[in-house]
Amino acid sequence: MSFNDVVVVGPLAVDMSQNSITFKDRTAYLGPLRTHLLGYLCKHVNQVVGRDDLSEAVWGRSVSDHTINQHISQLRKVLTTVNNTELTIATIPKKGYIARCESEPGLNLLKSEAIFEQPKAALFSDPDTCEQILAAKTEGELNYLEVFSDLDELHQRLMSHEFQAIVVDTELEGYQGLQLIKAIRTGKTLASSDVAIVSINSEANKQLLGFNVLLDVQGLVIKPLNLETLDKKLKAAVAARFKLKPNAAYDLVPTRLETTVSVNLAAACVNN
């Protein structure tokens, strides 16, 4: 199965190139791993797929039952979000999983076409940065980007599962931005755990770069924001592919970057 295929089962289409599903008039972003997982199950629609076969086909290695169960559970939530009533994923005890679609006796594979709209992205930052983006949007730039300075409001919008990328300010007070990135990767938000993430910061210090690597952040943009650069970084992030690590790996990453403390200590040493 090619990454350029669209797997069609009944009224539901899984676009392998866009990492998304469309059910009737609704589209939701899945991320690379869950797209591959759903695509493989749909390729074998109405057939039981063993856990070992699923592990090898999707992860390329043996993974735990817990890992597979977690991603299957997330797929079920997304299928419900798009009001899907045709396709279901059932667990067959001691055997594996089956994607059931009563109206679909077989499988259709179509080559990817430009039927999906431009990817949508969300930005979480301070009010001043949000105003800058909003001003640019009035001039036609970054019209696919929604901006949020209120975390609760952002969480409400994440329920839609329509964002393919999220831009997070890592300098927000109380480490809100850093904690949000970690929460996304560990599945503690309503966003897809493997959604593309771009961070913004006033400098590319070592601690932040290490944090980005450990939490699979796909890009970094330095303030003040250059909107053309942000646009390129977002598109590159959405196109990038990575394998989601186990939650335990992300849980170990600290969300406090002590750059200010380090600078003050260094200054104190010099003065003494």
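To be clear, the structure that these remarks concern was listed above.
Position labels on residues start from 1 in each chain and follow its written sequence. Owing to the predicted nature of the model, reporting of local features is limited to residues with pLDDT of at least 70; listing and counting of side-chain atom pairs is limited to 80 or more, with chain, interface and lining totals taken over all residues. Side-chain metrics rest on all non-hydrogen atoms present in the structure, leaving aside hydrogens and water.

Time to look at the pairing of strand β4 (residues 26–29). The pairing of strand β3 (residues 20–23) with β4 spans four bridges and is classified as antiparallel. Each residue of the ladder has a partner; that of threonine 22, found in β4, is threonine 27. The antiparallel hairpin formed by β3 and β4 contains two residues in its connecting segment, where lysine 24 sits at a positive phi of about 60°. The criterion for strand pairing is that DSSP finds at least two bridges linking the strands in question. In DSSP terms, a helix is any run of H or I states spanning at least four residues, a strand is any run of E spanning at least two, and both are numbered starting from the N terminus.

Ordered in space as β5-β7-β6, the three strands form an open sheet in which the pairing is antiparallel. Two strands close off the open sheet at either side, each with one partner strand: β5 (48–50) and β6 (88–92). On average, each strand axis in the sheet is tilted by 30° relative to the strand beside it, whichever way the strands run. Here five bridges tie β6 to strand β7 (residues 96–100), and the two strands are oriented antiparallel to one another. Within the sheet, the bridge partner assigned to alanine 90 lies in β7 and is isoleucine 98. The sheet strands contacting helix α1 (residues 32–43) are β5, β6 and β7, and the helix crosses β7 at an angle near 75°. Together, β6 and β7 form the strand contacts of helix α3 (residues 65–81), whose direction differs from that of β6 by roughly 150°. Angles here are taken between N-to-C directions and fall from 0 to 180 degrees, while the axes themselves are lines fitted to C-alpha atoms, restricted in helices to the stretch in contact. Contact definition: two residues touch when any of their heavy atoms are within 4.5 Å.

To qualify as a nonpolar core, a set must consist of buried Ala, Val, Leu, Ile, Met, Phe, Trp, Tyr and Cys residues joined through side-chain atoms within 4.5 Å. Only protein chains enter the accessibility calculation, which uses a 1.4 Å probe; a residue is then buried when its area is under 20% of its type maximum, exposed when over 50%, and partly exposed in between. Of all hydrophobic cores here, the largest spans 59 residues; its most connected members are Ile21, Leu38, Leu41, Leu54 and Leu87. With six residues, α1 is the largest single contributor of residues to this core. Setting aside chain neighbours within four positions, we find isoleucine 21 in contact with Ala13, Val14, Arg26, Thr27, Ala28, Leu30, Leu38, Val78, Leu79 and Val82. Counting residues in hydrophobic clusters, the runner-up holds 21 residues, among them Cys130, Tyr144, Leu145 and Leu225.

Before going further, it helps to spend a moment on the state of the cysteines. Counting rule for disulfides: a pair of cysteine sulfur atoms within 2.5 Å. Taken as a whole and assessed by the stated rule, the structure comprises zero disulfides. Free of any disulfide, cysteine 42 has its nearest neighbouring cysteine sulfur in cysteine 101, separated by 8.2 Å. For cysteine 42, a relative accessible area of 0% translates into the label buried.

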